[in-house]
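Coordinates in review
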Amino acid sequence: MQQIELMAPAGNFESLQAALDNGANSVYFGVEQLNMRARATVNFTIADLPEIVTRCEEKNVRTYLTLNTIIYDHDLSVVKTVLKQAKKANITAVIAMDQAVISAAREIGMEVHISTQLNITNIETVKFYALFADTMVLSRELSLRQVKKITEQIEKEQIKGPSGRLVEIEIFGHGALCMAVSGKCYMSLHSHNSSANRGACKQNCRKKYTVIDQETGFEMELDNEYIMSPKDLCTIDFLDEIVNAGIKVLKIEGRGRAPEYVAKVIKCYRDAIDSVRNDTYSKENVISWMQELEKVYNRGFWSGYYLGQKLGEWSTGSGSHATQKKVYLGKGIHFYPKAKIGEFKIEAFDLTLGDTILITGPTTGAKEMEVTDMMVNNTKSGKGSKGDFVTIPIDFRIRPSDKLYKIVENKVEA
């Protein structure tokens with residue numbers, strides 16, 4: 001059975017490290033403003049590229065740079081500069097949709113992956129882009145049957161990319177979906193002069209609306225359905241079918257989401273992919289993974305169009321349906337390596353024995369653990385409050401840049 005590459009989102013160094021720590025085979029990220037999450041996340045700078053590559057190469061993880069927005073003439077010099085530095089830093093490939101980016105990358109010998117924004121839905125289009133790219137992200141609106149037909153034709157006709165290898169097919173496996181066809185939407189541009197196709201989506205489709213018939217004046221409130229805001233895609237409950245469809249890369253959406261989201265989702269899908277390969281994939285495991293996935297940001301889950309569904313399943317609210325949330329407690333102060341003790345300053349709320357905590361940081365990533373022992377202001381105690389210095393046994397290094405959170409149950413309205 002083939003091994004599927006698990007691709008993780010990285011919106012910042014915290015998420016990057018979370019992806020590396022939880023079993024990602026590759027990561028994708030943007031730099032500066034020419035990517036589809038230009039405003040949704042902090043984004044890396046060109047100067048960050050060498051560190052990104054260094055961290056990833058240590059774990060044999062591939063690196064993909066997203067340059068997948070619409071490109072205008074005034075962007076071309078920036079595109080060439082970014083690509084030149086990406087090549088210099090040894091970035092694995094660039095994800096692109098604009099022919100200018102594809103051409104510029106090919107000129108300097110960078111591997112190209114075709115973005116879902118190009119909406120590839122058939123084998124003839126695959127053949128065309130095989131002249132330029134080794135990997136292609138198919139349209140998000142295809143069924144698994146259609147995906148499988150394309151992968152079978154690639155094998156049958158021996159369709160190869162510039163590298164001489166068979167073209168690899170990538171699909172989205174988990175995360176946000178929107179009302180637009182493969183992400184191409186102008187609603188935000190029309191309403192806020194802020195183009196989604198330039199990475200600046202305002203997500204006004206996620207709101208609740210009232211519909212008015214302008215001929216009669218009849219007004220209707222769309223109760224309990226945000227009809228332009230689909231639930232999040234989730235494929236973990238039919239991952240065995242995904243594998244059988246012949247795809248090579250499973251992409252997790254979420255460059256605008258928190259590092260604990262990346263950690264949780266990548267860990268679940270890593271376990272699921274491995275279980276399919278090891279023939280231990282089961283309904284019981286799926287139930288457990290779904291419970292874990294529900295703990296982090298989500299708008300509810302559905303299977304997308306993969307199982308033949310023609311219309312979306314709409315979310316029932318504008319925010320997250322996560323069963324847990326994080327509450328900020330304080331910051332890291334010092335780590336004692338011999339004793340393996342972490343010291344924190346509590347700046348808000350209380351920390352109590354038995355609490356589940358989350359520690360995040362640019363080098364730490366996102367680490368979750370239960371507090372089983374604790375010292376407060378150098379005295380053994382079961383509770384720390386605002387202003388206290390707390391020390392906790394911990395098996396990883398913390399840093400002054402790290403933030404400490406408490407994980408609590410989140411009441412989600414039905």
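So, about the overall build of the chain. For the chain, the count of helices and strands is 10 helices and 24 strands. Taking all contacts inside the chain whose residues are at least 6 apart in sequence as the whole, residues at least 24 apart take part in 68%. Working note: accessible area of the chain is about 19,400 Å², and carbon and sulfur atoms make up 49% of it.

Our next topic: the pairing of strand E18 (residues 356-361). Burial of E18 is extensive: five of the six residues sit out of reach of the surface. Note that E18 and strand E19 (residues 365-370) share six bridges and pair antiparallel. Note on E19: the bridge partner recorded for isoleucine 357 is methionine 369. Where E18 folds back onto E19 in an antiparallel hairpin, the turn is made up of three residues.

This brings us to the sheet that holds strand E24 (residues 403-409). Taken in spatial order, the eight strands of this open sheet run E19-E18-E24-E15-E16-E23-E20-E21, and their pairing is antiparallel. Because the sheet does not close on itself, it has two edges, and the strands there are E19 and strand E21 (379-380). Relative to strand E23 (residues 389-393), strand E20 (residues 375-376) is paired through two bridges, and the arrangement is antiparallel. Residue pairing across strands places methionine 375 opposite threonine 391, the latter belonging to E23. The strands that helix H1 (residues 13-21) touches are E18 and E19; relative to E19, the one it contacts most, it runs at about 65 degrees. Lying on the sheet, helix H9 (residues 259-278) is in contact with strand E15 (324-336), E18 and E19; it crosses E19 at an angle near 75 degrees.

The next point concerns the pattern of salt bridges. In the structure shown here, the tally under the stated rule is 20 salt bridges. A salt bridge links lysine 264 to glutamate 368; the nearest nitrogen and oxygen atoms lie 3.8 Å apart. One end of the pair, lysine 264, is in helix H9; the other, glutamate 368, is in strand E19, with 104 residues separating them in the sequence. Here glutamate 368 falls in the partly exposed class, since its relative accessible area comes to 40%. Among the ionic pairs, lysine 267 bridges to aspartate 271, the shortest N-O distance being 3.2 Å. Residue lysine 267 and its partner aspartate 271 are both found in helix H9; the two are separated by four residues, about one turn of the helix. Salt bridges linked by common partners bring Lys264, Glu292, Lys295 and Glu368 together as one network.

Put simply, H9 and helix H10 (residues 283-293) touch, their axes get as near as 9 Å, and they point 165 degrees apart. Of the possible angle classes, the one that applies to H9 and H10 is roughly antiparallel. As for how H9 packs across H10, the hand of that crossing is left-handed. Taken together, the residues of H10 that come into contact with H9 (itself represented by Lys264, Val265, Cys268, Tyr269, Asp271, Ala272 and Ser275) are Trp289, Glu292 and Leu293. Considered class by class, the residues forming the contact of H9 with H10 number six nonpolar, one polar and three charged.

What counts as what
- All residue numbers here refer to positions counted from 1 along the written sequence of the relevant chain.
- Given that the model is predicted, a residue must reach a pLDDT of at least 70 before its local features are reported, and side-chain atom pairs must reach 80 or more before they are shown or counted; all residues, however, enter totals for whole chains, interfaces and linings.
- With hydrogens and water stripped out, all remaining heavy atoms of the structure feed into the side-chain values.
- Numbering of helices and strands runs from the N terminus, with a helix taken as a DSSP run of H or I at least four residues long and a strand as a DSSP run of E at least two residues long.
- Whether two residues are in contact is decided by their heavy atoms, any of which lying within 4.5 Å being enough.
- Working definition of accessibility: Shrake-Rupley area with a 1.4 Å probe, residue cover restricted to the visible protein chains.
- Only protein chains enter the area calculation, which uses a 1.4 Å probe; residues under 20% of their type maximum are buried, those over 50% are exposed, and those in between are partly exposed.
- For two strands to pair, DSSP has to find at least two bridges joining them.
- Note on method: axes are straight lines fitted to C-alpha atoms, helices fitted across the in-contact stretch only, with angles between N-to-C directions ranging 0 to 180 degrees.
- Think of a salt bridge as a Lys or Arg side-chain nitrogen and an Asp or Glu carboxyl oxygen that are within 4 Å of each other.
- Note on angle classes: values under 35 degrees are labelled roughly parallel, values over 145 roughly antiparallel, values of 65 to 115 roughly perpendicular, and the remainder oblique.
- Put simply, a crossing is left-handed when the front helix is turned counterclockwise from the back one by less than a right angle, and right-handed when it is turned clockwise.
- Amino acids are sorted into nonpolar (Ala, Val, Leu, Ile, Met, Phe, Trp, Tyr, Cys and Pro), charged (Asp, Glu, Lys and Arg) and polar (every other residue, Gly among them).

Honestly, that's just the spatial picture; any functional story needs more than this.
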